[in-house]
Amino acid sequence: MKIIYIDLDGVIADFITAIENHPLRNQAPYDIHPDTIPNIFLNLGTIPGAFDAVNTLLDDNRFEIYFLSTAPWNNTSAWTDKRIWLENLFGNKINRRLILTHRKDLLKGDVLIDDRPNNGAEHFQGKILEFASTEFPDWGSILKELEQE
Ligand SMILES: [Mg+2]
């Protein structure tokens, strides 16, 4: 079984739209650090295609899926909010499958689906599928690639 890590923000969770629409977005310190807006991670929409694609992967017994994200150190509720958000979306299927870290490069596994090189993602030892890149612009292209794994 292949171990697949999936990033949250920009891959499953639509963090950018949530900030753009948030009433506190222009207020200090949130204008500089929007990821510290209280409970911002609790009410995110989803990236197009993500919900169906991730459900498909969770149901596929060729893959063992983990969510690999970073929560802002100074936004302590974000650590809880990410878990609740994921559970609201996928239910019990994601039980014990969330990993929050600032060192994604320390995890062992086959594939990391991530939209940015940050928090160690660029040094992940397995295969990196860069979400929203020219090669993998959307979830359709990611699923197609995983089909060949
Ligand atoms: Mg991301």
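Residues numbered from 1 in each chain as written. Predicted model: local features only at pLDDT ≥ 70, side-chain atom pairs only at ≥ 80, totals over all residues. Heavy atoms only, no water.

Size it by volume and the largest pocket reaches roughly 390 Å³. In this structure, the largest pocket is lined by 19 residues; those nearest its centre are Asp9, Phe15, Thr70, Arg116 and Asn119. The residue makeup of the lining of the largest pocket, split by class, is 5 nonpolar, 6 polar and 8 charged. (1 Å grid on protein atoms, 1.4 Å probe; cavity = no way out; pocket = protein on both sides within 12 Å on 5 of 7 lines; lining within 4 Å. Points joined across faces, edges and corners; volume = space filled by probe spheres on them. Nonpolar A, V, L, I, M, F, W, Y, C, P; charged D, E, K, R; others polar.)

Let us look at the pattern of salt bridges. Summed over all chains, the structure comprises 9 salt bridges. Between Asp105 and Arg103 there is a salt bridge; the shortest N-O distance is 2.8 Å. If you follow the salt bridges from partner to partner, you end up with Asp7, Lys104 and Asp114 in one network. (Salt bridge = Lys/Arg side-chain N within 4 Å of Asp/Glu carboxyl O.)

Our focus in this paragraph is the coordination of the magnesium ion. Octahedral six-donor coordination of a metal ideally yields angles of 90 or 180 degrees, compared with 109.5 degrees for tetrahedral four-donor coordination. Looking at the magnesium ion, one finds its protein donor set to be Asp7 (OD), Asp9 (O) and Asp115 (OD), positioned 2.1 to 2.2 Å from the metal centre. In terms of primary sequence, the donors binding the magnesium ion are separated according to D-x1-D-x105-D. By relative accessible area, Asp9 is classed as buried at 18%. (Donors = N, O, S within 2.8 Å, 3.2 Å for Na, K, Ca; no water. Buried < 20%, exposed > 50% of the residue type's maximum accessible area, 1.4 Å probe, protein only.)

With that settled, the discussion passes to the pairing of strand S6 (residues 111–114). Side chains Val111 and Ile113 project from S6 onto one buried face, and the interleaved Leu112 and Asp114 project onto a second face that is buried too. One ladder, built from 3 bridges, connects strand S1 (residues 2–6) with S6; its direction is parallel. Along S6, the bridge assignment pairs Ile4 with Val111. Strand direction decides the pairing type here: S6 and strand S7 (residues 127–130), joined by 4 bridges, are parallel. Within the sheet, the bridge partner assigned to Asp114 lies in S7 and is Glu130. (Helix = DSSP H or I, 4+ residues; strand = E, 2+ residues; numbered from the N terminus. Pairing = 2+ DSSP bridges.)

Strand pairing in a sheet relies on backbone hydrogen bonds, with the paired strands running either antiparallel or parallel. The strand order across the open sheet formed by 5 strands is S5-S4-S1-S6-S7, and the pairing between neighbours is parallel. The open sheet is flanked by strand S5 (98–100) and S7, the only strands paired with a single partner. Neighbour-to-neighbour, the strand axes of this sheet turn through a mean angle of 25°, independent of strand direction. The sheet contacts of helix H2 (residues 50–58) involve S1 and strand S4 (63–69), and relative to S4 the element is tilted by about 135°. Packing against the sheet, helix H3 (residues 76–90) makes contact with S4 and S5, and its axis sits at approximately 160° to S5. (Axes fitted to C-alpha atoms, helices over the stretch in contact; angles between N-to-C directions. Contact = heavy atoms within 4.5 Å.)

This part takes up the packing of H2 against helix H4 (residues 139–147). Geometrically, a packed helix pair is captured by the angle between its two axes and the distance between the axes. Two elements in contact, H2 and H4, have axes whose closest approach is 10 Å; the angle formed by their N-to-C orientations is 15°. Taken together, H2 and H4 sit at an angle that is classed as roughly parallel. Note that H2 runs across H4; the crossing there is left-handed. Contact residues: H2 offers Ala50, Ala53, Val54 and Leu57, while H4 offers Trp139, Leu143 and Leu146. (Parallel < 35°, antiparallel > 145°, perpendicular 65-115°, else oblique. Left-handed = near helix turned anticlockwise from the far one by under 90°.)

In this section: H4. In an α-helix, one full turn covers 3.6 residues, which means residues spaced three or four apart are oriented alike. Along H4, the residues that are buried comprise Trp139, Ser141, Ile142, Glu145 and Leu146. Mapping the buried residues of H4 onto a view down its axis gives an arc of 160°, with all of them on the same face. Its buried side turned inward, H4 meets S1, H2, S4, S6 and S7. (Arc of directions from axis to C-beta.)

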